[in-house]
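Structural overview for review
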Amino acid sequence: IDEVCPDIVIHSGDLFDSARPSPNEVDFAMSQFKRLSQAGIPVVIVEGGHSYARDRSLGSALRLLGHLQLLTAITDDPGSVRIGDVLIQGLPFRAVTQGRQPDVGAIDPSCRNVLVSHACADGLPYFQSGRPAPPLNVRGSADGFDYVALGHYHHFAQISETDRAYYAGTTSMVSSADFNAGRAFGFNVVQLESDAPLVSRRVTQTVPLHAYGLDNASGLSRHDVLDLLERQAKAVTPAGAYVEVVVEGLDPLSRRELATRDVEDIFVGAAALFVSLRVREQHWEAVQASLTAGGSAEARFAELAESLIDDASLRAEVLNLGNDLLARAAEAVEQEDLAG
């Protein structure tokens, strides 16, 4: 903030990742916004999809922040605030889900007009990010505003066909879905000019993201996998970093022997750890060959029944049921092969 010296700070939603942030999270947020307030910098926040209260009777954590001087929190319904010669129109997540769209009729030509919203720009799947968000008519209304500040998509992006609508992305990793080794987080610095806004990207210093793992662990034992991961951890220390470990193509037996705790012990000291151990995909031909080794499935089932059941009538009943199930399974597999 000292370096940028903004006139206004805008946050376009999901300040908190939950409608019920912990007291520590609320305390931290209030302490940081108090710094801005003491510096005389106004702040405007709209509510996002993660942080809005599904039960409205319980209120909103953002409204607590609204008690700070120079901070405006726009929750539930559309709202606006004028700061100097800038009129800010806010469309929080809930309002957009109810079909509310930018109010071009409220644009004031005597001042700078800024739209702040938390939504999916024009319903484009690219900006959904695998999470539900209501569509917002951005390209059809952006030209009426001097700038459109968007939230929901966690990466920096400019909306096509307009020179004034942007997602700023996140200032740090919010969840494991944001993990991308070497990724830079940041915020937008916007200068409102007469023709089009000048937008520059500032990178924030945050916890580093480190990725480890194996693309293909086929044929490797539990010991082999752990040995290779240990070498990676020694080469690039996981201490203090957000760490993701993905091991692909494990043999089924190796996966059963490999405990997640074994991997976690290697990356002790990581600020956060995400582990994924994935078994290799088994093709039907290989499974079928394994099943028929030593005879057909029916023959092997008959041998098993013979060895376990002495009563002839009960054994016959079990064989009938078992063979019927095996026939259904073979038919289902055949139909799946034909469909594929």
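This one's a predicted model, so the numbers in the text were calculated from it and none came from an experiment. (Residues numbered from 1 in each chain as written. Predicted model: local features only at pLDDT ≥ 70, side-chain atom pairs only at ≥ 80, totals over all residues. Heavy atoms only, no water.)

1. Quick look at the overall build of the protein chain
Quick note on the threshold: Each helix is a run of H or I in the DSSP string that is no shorter than four residues. Each strand is a run of E no shorter than two, and both are numbered from the N terminus. The globule rule used for comparison is 2.2 Å times the number of residues to the exponent 0.38, while the radius of gyration itself is calculated over C-alpha atoms. Buried means the residue's accessible area, taken with a 1.4 Å probe over protein chains only, is under 20% of the maximum for its type, while exposed means over 50%, and partly exposed covers the values in between.
Of regular secondary structure, the protein chain possesses 9 helices and 16 strands. Relative to a compact globule of 340 residues, whose C-alpha radius of gyration would be 20 Å, the protein chain shows 29 Å and is clearly more extended. Taking the principal axes of its C-alpha atoms as reference, the protein chain extends roughly 95 × 45 × 40 Å. Within the protein chain, buried positions represent 36% of all 340 residues.

2. Re the packing of aromatic side chains
Note the cut-off: Only Phe, Tyr and Trp rings take part, Trp by its six-membered ring, and two of them pair if their centres are within 6.5 Å. Stacked means planes under 30 degrees apart, edge-to-face means over 60, and tilted covers everything else.
Applying the stated rule across the entire model yields 8 aromatic pairs. On the basis of an interplanar angle of 45° and a centroid distance of 5.3 Å, the ring pair of tyrosine 126 and tyrosine 153 is categorised as tilted. Of the two residues, tyrosine 126 is situated in the loop between strand 7 (120-121) and strand 8 (135-136) and tyrosine 153 in the loop between strand 9 (147-151) and strand 10 (157-158); the sequence distance between them amounts to 27 residues. Between phenylalanine 127 and tyrosine 153 the ring centres are 5.2 Å apart and the planes differ by 80°, which places this aromatic pair in the edge-to-face class. Taken together, the residues phenylalanine 127 in the loop between strand 7 and strand 8 and tyrosine 153 in the loop between strand 9 and strand 10 connect sequence positions 26 residues apart. Owing to a relative accessible area of 9%, tyrosine 153 belongs among the buried residues under this scheme. An aromatic cluster of three or more residues is present, and its members are Tyr126, Phe127, Tyr153 and Tyr167.

3. A short note on the pattern of salt bridges
The cut-off we apply is this: Every case where a carboxyl oxygen of Asp or Glu lies within 4 Å of a side-chain nitrogen of Lys or Arg is listed as a salt bridge.
If you walk through the whole model with that rule in mind, you get 14 salt bridges. When the shortest N-O distance is used, the salt bridge between aspartate 146 and arginine 112 registers 3.4 Å. Within this pair, whereas aspartate 146 is found in the loop between strand 8 and strand 9, its partner arginine 112 is found in strand 6 (residues 112-118), the two being separated by 34 residues in sequence. The class of aspartate 146 is buried, set by a relative accessible area of 14%. Classification of arginine 112 as partly exposed rests on a relative accessible area of 25%. Within this structure, Arg63, Asp76 and Arg94 form a network of salt bridges that share partners.

4. Quick look at the nonpolar core
Keep this limit in mind: Nonpolar cores are built from buried Ala, Val, Leu, Ile, Met, Phe, Trp, Tyr and Cys residues. Side-chain atoms within 4.5 Å join them into one set.
One finds Phe127, Val138, Leu150, Ile159 and Tyr167 to be the most contacted residues of the largest nonpolar core, which totals 22 residues. Among the elements of the structure, helix 3 (93-97), strand 7, strand 9 and strand 11 (165-167) are those that each provide at least two residues to this core. Looking at this core element by element, the count peaks at 3 residues for helix 3. By size, the runner-up hydrophobic cluster in this structure holds 17 residues, among which are Tyr212, Leu226, Leu250 and Phe267.

5. Topic: the sheet that holds strand 16 (residues 272-279)
Filter applied, for reference: Paired strands, as defined in this entry, are two strands with at least two bridges between them according to DSSP. Axis lines are fitted through C-alpha atoms, for helices just across the contact stretch, and the angle between N-to-C directions can take any value from 0 to 180 degrees. Note on contacts: a residue pair qualifies if any of its non-hydrogen atoms lie within 4.5 Å across the two residues.
Taking strand neighbours across the sheet as the criterion, the 3 strands line up as 14-15-16 in an open arrangement whose pairing is parallel. In this open sheet, the two strands that pair with only one neighbour each are strand 14 (209-214) and strand 16. For this sheet, the mean inter-axis angle between neighbouring strands, taken without regard to orientation, is 10°. Judged from the 7 bridges that link them, strand 15 (residues 242-250) and strand 16 form a sheet pairing that is parallel. Bridged to leucine 250 within strand 16 is valine 279. In the packing of helix 4 (residues 222-235) onto the sheet, contacts are made with strand 14 and strand 15, and the angle to strand 14 comes to roughly 155°.

6. Digging into the side chain of threonine 170
Heads up, the rule is: For the purposes of these results, a polar contact is taken to be a pair of N or O atoms within 3.5 Å, where, inside protein, one atom must be able to donate a hydrogen and its partner to accept one; residues adjacent in sequence count only when each atom of the pair is a side-chain atom.
Within the secondary structure, threonine 170 is located in the loop between strand 11 and strand 12 (186-191). Look at threonine 170 and you get buried, because its relative accessible area is 11%. Reaching out from threonine 170, the side chain makes a polar contact with the backbone oxygen of serine 172 at a distance of 2.9 Å. Every residue in contact with threonine 170, bar those within four places of it in the chain, is listed here: His154, Arg183, Phe185, Gly186 and Arg201.

7. Some points on the pairing of strand 15
Relative to strand 15, strand 14 runs parallel, the two sharing 6 bridges. Following the sheet pairing, tyrosine 212 is matched in strand 15 by valine 245.

8. Comments concerning helix 1 (residues 23-38)
Our working rule: In this analysis, the expected span of each helix is defined as 1.5 Å times one less than the number of residues it contains. What the arc measures is the spread of directions leading from the helix axis to the C-beta atoms.
For helix 1, which comprises 16 residues, the first-to-last C-alpha distance of 22 Å matches the rise-based estimate of 22 Å (1.5 Å per residue) to within 8%. Listing the buried residues of helix 1 in full gives Val26, Ala29, Phe33, Leu36 and Ser37. Looking down the long axis of helix 1, one finds its buried residues gathered within 95° of arc, a one-sided arrangement. The outward face of helix 1, more than 90 degrees from its buried face, is lined by the exposed residues Pro23, Asn24, Asp27, Phe28, Arg35 and Gln38. Considering only its buried residues, helix 1 is in contact with strand 1 (9-11), strand 2 (43-46), helix 2 (61-65) and strand 3 (71-74).

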